[in-house]
Amino acid sequence: NDLAVQSHATGQIIIGGGLVKHHTCNANLMRNGANYSVYINTGQEFDGSDSGASPDEAISWGKIRIDAKPVKVSCDATIVWPLIVSQTFAKDVEQWKESSKDTVCWIK
């Protein structure tokens, strides 16, 4: 919780649900909510499970900031996570490697 509370901004990408989702969201509750939030799971709201809870519920509890634009992706993570990574984090990996070539640690 200390890391979340002391951070300038926080984001959460939660794959699946249950206990991990619960604790990640609660850590952000202590700082008035996460600034960014993406849920990836197949849980549905009708059964009342934590996994199926929408980002709107987390906003109502203060786990996600009211001015955030959270996203819930209803899909199997093994299908959608590689697609998300390929179009976000890994999209400009060659440019990142070039810009960080003089650093101590980088991907070969």
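Predicted, not measured: the structure shown is a model, and the values here were computed from it.

Where strand E1 (residues 11-15) meets strand E2 (residues 36-41), five bridges bridge the pair, whose relative direction is parallel. What sits directly across from Gly11, in E2, is Tyr36. A crossover links E1 with its parallel partner E2, the connecting element being helix H2 (residues 19-29), and its sense is right-handed. Pairing of E2 with strand E3 (residues 71-74) involves four bridges; the strand directions are parallel. Pairing of Ile40 across the sheet is with Val73, part of E3.

For the rest of this paragraph, the subject is H2. Where H2 is concerned, the buried positions are Lys21, Cys25, Ala27 and Asn28. One side of H2 carries all its buried residues, which in axial view fall inside an arc of 155 degrees. Looking at the buried side of H2, the elements it contacts are helix H1 (2-6), E1 and E2.

So, on to the confidence of the model for the protein. The predicted coordinates should not be examined in detail at positions where pLDDT is low. Mean pLDDT over the protein works out to 86, with 94% of the residues at or above the 70 mark. Put simply, helix H5 (residues 93-99) is where the protein has its lowest mean pLDDT, 79, and E2 is where it has its highest, 94.

Each value, and the rule that gives it
Residues numbered from 1 in each chain as written. Predicted model: local features only at pLDDT ≥ 70, side-chain atom pairs only at ≥ 80, totals over all residues. Heavy atoms only, no water. Pairing = 2+ DSSP bridges. Helix = DSSP H or I, 4+ residues; strand = E, 2+ residues; numbered from the N terminus. Right-handed = clockwise from strand over helix to strand, strands pointing away. Buried < 20%, exposed > 50% of the residue type's maximum accessible area, 1.4 Å probe, protein only. Arc of directions from axis to C-beta. Contact = heavy atoms within 4.5 Å. pLDDT = per-residue confidence, 0-100.

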